[in-house]
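# Reading the structure
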Amino acid sequence: TKPCKPELFSELYKLFQRFRRDTHLHINCINPLVSIKTVVRDMDDTPTSRALSDALGDTNTLKLDQDRLKAFEKHANRDDALDDLFTGGNYVLNPDPVLLVEIPAGFEDRLNANQQAEIQLTTNGANSLPSRVARRAAEEEIYKFGAVVVAQNMVQQNGIHLTEQKADSIRQEV
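Here's a quick rundown of the structure. For clarity, every value in this text was computed on a predicted model and none was experimentally measured.

## As for the overall build of the protein
For the protein, the helix and strand inventory stands at 8 helices and 4 strands. Ordering the α and β elements of the protein from the N terminus gives α-α-β-α-β-α-α-β-α-β-α-α. A buried classification covers 32% of the 174 residues belonging to the protein. In the protein, once contacts between residues fewer than 6 apart in sequence are set aside, the share between residues at least 24 apart is 64%. Total accessible area on the protein is roughly 11,500 Å²; 51% of this is exposed by carbon and sulfur atoms.

## Overview of the sheet that holds strand S1 (residues 36–42)
Strands sit in the order S2-S1-S3-S4 across an open sheet of 4 strands; the sheet is mixed. Because the sheet does not close on itself, it has two edges, and the strands there are strand S2 (62–64) and strand S4 (120–123). With strand direction ignored, the average angle separating the axes of adjacent strands in the sheet is 30°. As judged from the 3 bridges shared by S1 and S2, these two strands associate in the parallel manner. Bridge assignment links Thr38 to a residue of S2, and that residue is Leu64. Against the sheet, helix H5 (residues 78–86) makes contact with S1, strand S3 (99–103) and S4, and its axis sits at roughly 145° relative to S3, the strand it touches most.

## Thoughts on the environment of Lys74
By the secondary structure assignment, Lys74 is in helix H4 (residues 70–74). Each C-alpha atom, one on Lys74 and one on Asp84, is 9.4 Å from the other, the two residues being 10 residues apart in sequence.

## Description of the pairing of S1
Counting buried residues in S1 gives 5 out of 7 residues, a clear majority hidden from the surface. With helix H3 (residues 47–57) bridging S1 and its parallel neighbour S2, the resulting β-α-β unit is right-handed. As paired elements, S1 and S3 share 5 bridges and run parallel to each other. Of the residues in S3, the one forming a bridge with Asp42 is Ile103.

Rules and cut-offs
- Residues numbered from 1 in each chain as written.
- Predicted model: local features only at pLDDT ≥ 70, side-chain atom pairs only at ≥ 80, totals over all residues.
- Heavy atoms only, no water.
- Helix = DSSP H or I, 4+ residues; strand = E, 2+ residues; numbered from the N terminus.
- Buried < 20%, exposed > 50% of the residue type's maximum accessible area, 1.4 Å probe, protein only.
- Contact = heavy atoms within 4.5 Å.
- Areas by Shrake-Rupley, 256 points an atom, 1.4 Å probe, with all protein chains shown as cover.
- Pairing = 2+ DSSP bridges.
- Axes fitted to C-alpha atoms, helices over the stretch in contact; angles between N-to-C directions.
- Right-handed = clockwise from strand over helix to strand, strands pointing away.

And the structure:
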């Protein structure tokens with residue numbers, strides 16, 4: 001057998017120490033980017049906004065964290081609520097949410113009036129890779145949801161009813 005070089009053990013030890021110290025690297029290697037904690041703040045509270053929340057929760061990437069909505073009930077101002085939402089958690093044992101999706105009041109009314117409805121996405125920049133993945137997943141799902149709503153509005157304006165099966169086929173095509 002060949003003798004092992006001590007430099008190899010030294011380099012492996014340094015690599016292990018760096019891996020252990022960098023919790024973000026540790027989490028990203030062990031836990032693939034699925035079930036990223038996401039908070040949806042629905043200020044419209046209509047069937048359409050709830051359907052969008054459900055669509056976001058049905059993705060493999062996003063995991064809705066309803067408990068963290070209490071941050072907005074505890075604070076009178078949005079900035080303090082965001083600070084409470086995105087800080088203070090132990091990233092390994094109890095990670096903070098990475099994405100906040102805010103659906104404004106009047107969302108359904110704007111969609112029904114064929115106007116552009118804005119949805120605000122706020123990411124936790126401390127975790128850049130999960131933030132980008134979560135933002136892309138949310139944008140994709142919102143785009144699909146919007147395409148179905150536009151199709152439903154166009155069909156209803158022409159007096160035709162769009163079945164749920166047809167809506168699903170539109171989602172698949174988008």
